[in-house]
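Here is what each chain is made of, one letter per residue.
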Amino acid sequence: MKIAIIGIGSVGSAVATAVKNTGFVHEMVLFDRDGVRARAAAEDLGHAASFGFDVKITAVSSYRGIKGSDIVIISAGANQKIGETRTDLLNKNVEVIKDIIPKVMANVDIKRVKIIMVTNPLDVLVMLAQRISKLPSGKVIGTGTMLDSARLRTILSRQLSVSTKSICGNVLGEHGDSSVIDWSSINIDGIKLDDFCKQIKISLPMTTKNTICHRVHNAAYEIIQGRGATWDGIGAAVSDLLRCIINDEKRVLTVSCVSGIGNDTVAMSLPRIVGKDGVIITLKPKLSSIESNALRKSAKIIRKNYNLINN
Ligand code: NAD
């Protein structure tokens, strides 16, 4: 299994580290327009790999080096600075994706390749990458709200004193400020959230739920405030998605890809079954009317931003 990572900044390096530590990739090639940075990262990661699984890690100086890749991960582009939203990155990163995708497509086997998108604003750039690449929509997959869902589960785990592994709870919609918590479906190993709270004698009133929602929306901003960028969480999310594809696990993940939403077709996160061919099926969660309206609003925001880049 050969994978290529395009963009070896904080996120690309964290992705490479997380993937290297899983042992299911035998070759990783790194490309960045800053070749010195990519070569330095490949050296450092190569040294680290000698303590773990055998994986060949090389920096490539042209897109020809990604030939033979099964999966290409795009983590290139500007990141949020303090006070910036993901949408503020739109104009800069549209140009980055327009630069990268044709070069990727000219050097991969279009029947075999899958693209994992990480660059923000994620959903709009998934739509753009899918359009430029002309790949089937299920093969251009954004990490979407996998990270937001992990943040939700972490907060709930602390609140309820139960392992994140027992919490089934998703964030849907935009990977951004309009994302929606699917409270209706949250359960703890099959026990509905409210029942579980009753049984363990914890109260989770609406005010607490609103605070949790705010913390999920604000998580990236807080991390950026404290460390300048976010990388470990997304590194682990990409590695988890990659494992699901490589091993054909057919797990349900909240990833983003272009699909029909109401009367429109946009990329946003919904629970989707993911396997070796990418997204296989998109599921329809049973939402409350408030959640459904919020999800429609989220889709409209993505559509509006996508239309902006096409004018
Ligand atoms: P960074 O500035 O540390 O690294 C970006 C890298 O991209 C740099 O090394 C730069 O040289 C490279 N690059 C820029 N344009 C390029 C091009 N045209 N071709 C090749 N390489 C190019 O930024 P980062 O912190 O690693 O963030 C990267 C992206 O990931 C940002 O858009 C950020 O918002 C996004 N991100 C997404 C998630 C998510 O959940 N989807 C989470 C965290 C960060």
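Above: the structure in question.
In this text, all values refer to a predicted model and were calculated from it rather than measured experimentally.

Colleague: A description of the state of the cysteines should follow, citing residues and the corresponding values.
Modeller: Counted by the stated rule, this structure contains 0 disulfides. Cys-244 provides the cysteine sulfur closest to Cys-168, a residue in no disulfide bond, and the two sulfurs are 14 Å apart. No disulfide involves Cys-244; its sulfur sits 13 Å from that of Cys-257, the nearest cysteine. Given a relative accessible area of 0%, Cys-244 falls into the buried group.

Colleague: Tell me about the pattern of salt bridges, and please be specific about residues and values.
Modeller: Enumeration according to the criterion identifies 11 salt bridges in this entry. Salt-bridge contacts for Asp-194 lead to Lys-209; the nearest nitrogen and oxygen are separated by 3.7 Å. With a gap of 15 residues between them, Asp-194 in helix 6 (residues 193-199) and Lys-209 in helix 7 (residues 206-227) connect regions that are remote in the sequence. With relative accessibility at 13%, the residue Lys-209 sits in the buried group.

Colleague: Before we move on, could you go through the packing of aromatic side chains and cite the residues and values that matter?
Modeller: What the rule picks out here adds up to 1 aromatic pair. Geometrically, the ring pair formed by Phe-31 and Tyr-63 is tilted, given 4.4 Å between the ring centres and 45° between the ring planes. Taken together, the residues span a long stretch of sequence, with Phe-31 in strand 2 (residues 27-31) and Tyr-63 in the loop between strand 3 (56-59) and strand 4 (71-74) at a distance of 32 residues. Lying over the aromatic face of Trp-183, Lys-209 brings its terminal NZ or CZ to 5.4 Å of the ring centre.

Colleague: Quick rundown of the site of the ligand? Include the residues and the values.
Modeller: For the ligand, the set of nearby residues contains 26 residues, the closest of which are Val-11, Asp-32, Arg-37, Ala-78 and Asn-79. Ser-10 is positioned such that a nitrogen or oxygen atom in its backbone is 3.0 Å from an oxygen atom of the ligand. In this structure, a nitrogen atom belonging to the ligand sits 2.9 Å away from a main-chain N or O atom of Val-118. The greatest single-element share of the shell around the ligand, amounting to 4 residues, is contributed by helix 3 (residues 90-105). For the shell around the ligand, the per-class residue count stands at 10 nonpolar, 12 polar and 4 charged.

Rules used throughout
- Just so you know, the residues in each chain are numbered from 1, in the order the chain's sequence is written.
- Under the rules for a predicted model, residues below a pLDDT of 70 receive no local features and side-chain atom pairs below 80 are neither given nor counted, while totals for whole chains, interfaces and linings still include all residues.
- Side-chain figures throughout are based on the complete set of non-hydrogen atoms in the structure, without hydrogens or water.
- Note that a disulfide, as used here, is simply two cysteine sulfur atoms within 2.5 Å.
- For the exposure calls, accessible area comes from a 1.4 Å probe over protein chains only, and a residue counts as buried if that area is under 20% of its type's maximum, exposed if over 50%, partly exposed in between.
- The term salt bridge refers to a pairing of a side-chain nitrogen on Lys or Arg with a carboxyl oxygen on Asp or Glu at a separation within 4 Å.
- In this text, helices come from DSSP runs of H or I with a minimum length of four residues, and strands from runs of E with a minimum of two, each type numbered from the N-terminal end.
- Working definition: rings of Phe, Tyr and Trp (its six-membered ring) pair if their centres are within 6.5 Å, and the pair is stacked with planes under 30 degrees apart, edge-to-face with planes over 60 apart, and tilted otherwise.
- A ring has a charge above it when a Lys NZ or an Arg CZ is no more than 6 Å from the ring centre and no more than 35 degrees off the ring normal.
- We call a residue near a molecule or strand whenever a single non-hydrogen atom of that residue lies within 4 Å of it.
- What qualifies as a polar contact is a pair of N or O atoms within 3.5 Å, subject to a donor-acceptor requirement within protein and to the restriction that residues adjacent in sequence count only when both atoms come from side chains.
- Gly is placed with the polar residues, together with every amino acid not listed as nonpolar (Ala, Val, Leu, Ile, Met, Phe, Trp, Tyr, Cys and Pro) or charged (Asp, Glu, Lys and Arg).

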